Amino acid sequence: MEVDHNPVIELLGRRLRLAVIGGGPGSFIGAMHRTAARLDDRYQLVAAAVSSDPVRSVAAGEALGLTSERAYPGAAALLDGEATREDPPDVVAIMTPSDSHAEYSLGALARDFDVICDKPMTNTVQEAKLVLTAVRESGRVYCLTHNYSGYPMVRQARAMVLAGELGEIRLVQAEYVQGGKASENDPDPADGLPWRYDPVRGGPSLVLGDIGTHAHHLIRFIADVEVAEVAAEVGSIVPNRLVHDYGGAMLRFDNGARGSYWVTQAAAGVENSLRLRVSGTKGTLEWAQEQPTALWFKPIDGPAQLRTPNGPGSLPLSRRASRIVKGHPEGFHEAFATIYSDASEAIAARLTGNEPDPLSTHFPDAEDGMRGVQFVETALESSGNNGAWTVVPGLP
């Protein structure tokens, strides 16, 4: 990312106007979204409805520096109020509980706003089809924040696969292991039931929706394959827990490759271990999120090679995602910002009738969101049939 180059201002003469829904006081992901939008100076926050509590929402919006006129008591008021302004937002970012993603995405698209939405796109395949159809019919940009695909070395891995450096992909292994829900006392009954533990609000599978969709997207993003069939087991490891905290699966891909997939939030002591290994006929790539600046390439006929951001062998897609000279670490915030910045170029290009830089078009979109929800539904169907191989539907 060229820090002294702002393609949005070059195209529009201004920053993109951004409205946010959700992500209020106490929200980890809300702060990440707003920081990501600011990092590369592509967006200006102009309106917000950040809480389901009207009083808190207005107060929190004003605390973000907004006027009382544009600090809204709720999402519906924001969408209606901003749609009639002479200076409306260009894009609406949604970071609410996932049961409202479809409603707010559809509302924003119906008012001609582009959309940036936290994952998963929706809780159900039926809702995902509605959003995908609305995106296609509106022609608006829809960005889904699978932010791990914004890391420079993840982009490097994708570029190497697309360039044929691994040959034909044969094997993929993915795991996303956390320990934050390992305690039998989580959630604490005294604190009430968090929305993620409510199957209606949090979706049919806590672990698959929360982190499993990240692992699924990363497989597809790096290996450039689609999951064709899945044989899965999904459930809970912690006794008496009513939501899923574990999922494992064998995978068959559309090119004939095979894979394995393991996600859990109940591995005591583990922090945020997202790891991927992709093997082709010419070699293997290995990447781990907790050491995000290191990508190992192990060719079939030579010694292992360590690739680093802006280091030797960096490809254009990887260099684009890095903001600093080699040897200086970048991490979660920067990866998140890369997704926002890629989307900003697509939005600015649409608004001005231009074609975006092809390197900016690798952000997750509505089709990625659709495939993620389809994968969750298929894995649950397989698990309910004692792990039977189950076909993952194609895009509608």
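Just above, that's the structure.
Residue numbers here run from 1 along each chain, matching the order of that chain's written sequence. In keeping with the model being predicted, local features are shown solely for residues with a pLDDT of at least 70 and side-chain atom pairs are shown and tallied solely at 80 or more, while totals for entire chains, interfaces and linings include all residues. Based on all heavy atoms of the structure, the side-chain values leave hydrogens and waters out of the count.

Draft legend 1. Spotlight on empty space enclosed by the protein. A cavity here means a set of 1 Å grid points, computed over protein atoms only, where a 1.4 Å probe fits but cannot escape. A pocket is an open set with protein on both sides within 12 Å along at least 5 of 7 lines, and lining residues have an atom within 4 Å of a point. Grid points are joined across faces, edges and corners, and a volume is the space filled by probe spheres set on the points. As enumerated under the stated definition, the model contains two cavities of 30 Å³ or more in all. By volume, the largest cavity is sized at about 50 Å³. Lining the largest cavity are His216, Arg220, Glu226, Val227, Arg371, Gln374, Val392 and Pro393. Going along the chain from the N terminus, every DSSP run of H or I of four or more residues is numbered as a helix, and every run of E of two or more is numbered as a strand. Only helix H9 (206-223) and helix H12 (366-384) provide two or more residues apiece to the lining of the largest cavity.

Draft legend 2. Representation of the sheet that holds strand E7 (residues 227-235) in the model. Across the sheet, nine strands lie side by side as E13-E12-E11-E10-E6-E9-E8-E7-E14; this open sheet has mixed pairing. The open sheet has two free edges, formed respectively by strand E13 (305-307) and strand E14 (390-391), since each of these has just one partner strand. Pairing of E7 with E14, which is carried by two bridges, proceeds in the antiparallel orientation. Directly across from valine 230, in E14, lies its bridge partner threonine 390. We call two residues contacting when some pair of their heavy atoms lies within 4.5 Å. What counts as an axis is a line fitted to C-alpha atoms, over the stretch in contact for a helix, and the angles between N-to-C directions run from 0 to 180 degrees. Lying over the sheet, H9 contacts strand E6 (169-178), E7, strand E8 (246-253), strand E9 (258-264), strand E10 (272-280) and strand E11 (283-288), oriented at roughly 150° with respect to E9. When DSSP finds two or more bridges between two strands, those strands count as paired.

Draft legend 3. Broad picture of the nonpolar core. Remark: nonpolar core denotes a set of buried residues (Ala, Val, Leu, Ile, Met, Phe, Trp, Tyr, Cys) joined through side-chain atoms within 4.5 Å. When accessible area is computed with a 1.4 Å probe and restricted to protein chains, residues below 20% of their type maximum are described as buried, those above 50% as exposed, and intermediate ones as partly exposed. In this structure, Ile219, Ile222, Leu251 and Tyr261 are the most contacted members of the largest nonpolar core, which totals 44 residues. With nine residues, H9 is the single largest residue contributor to this core. Contacts of isoleucine 219, omitting those with residues within four sequence positions, involve Val172, Ala174, Asp224, Val225, Leu251, Phe253, Tyr261 and Leu276.

Draft legend 4. Spatial organisation of the layout of surface pockets. In this structure, the second largest pocket occupies an estimated 270 Å³ of space. Around the second largest pocket, the lining comprises 15 residues; the ones closest to its centre are Arg275, Leu276, Arg277, Glu286 and Trp287. At the level of secondary structure, the elements contributing two or more residues to the lining of the second largest pocket comprise E6, E9, E10 and E11. Here the nonpolar group is Ala, Val, Leu, Ile, Met, Phe, Trp, Tyr, Cys and Pro; Asp, Glu, Lys and Arg are the charged ones; every other residue, Gly included, is treated as polar. Looking at the lining of the second largest pocket residue by residue, the class counts come to eight nonpolar, three polar and four charged.

Draft legend 5. Here's a closer look at the sheet that holds strand E3 (residues 91-95). Read across the sheet, five strands follow the order E2-E1-E3-E4-E5 without closing on themselves; strand pairing throughout is parallel. In this open sheet, the two strands that pair with only one neighbour each are strand E2 (43-49) and strand E5 (142-144). Going from strand to strand, the sheet's axes swing by 20° on average, the running direction of each strand aside. Bridge count between E3 and strand E4 (residues 114-117): four bridges; the pairing is parallel. Bridging across to E4, alanine 93 finds its partner in isoleucine 116.

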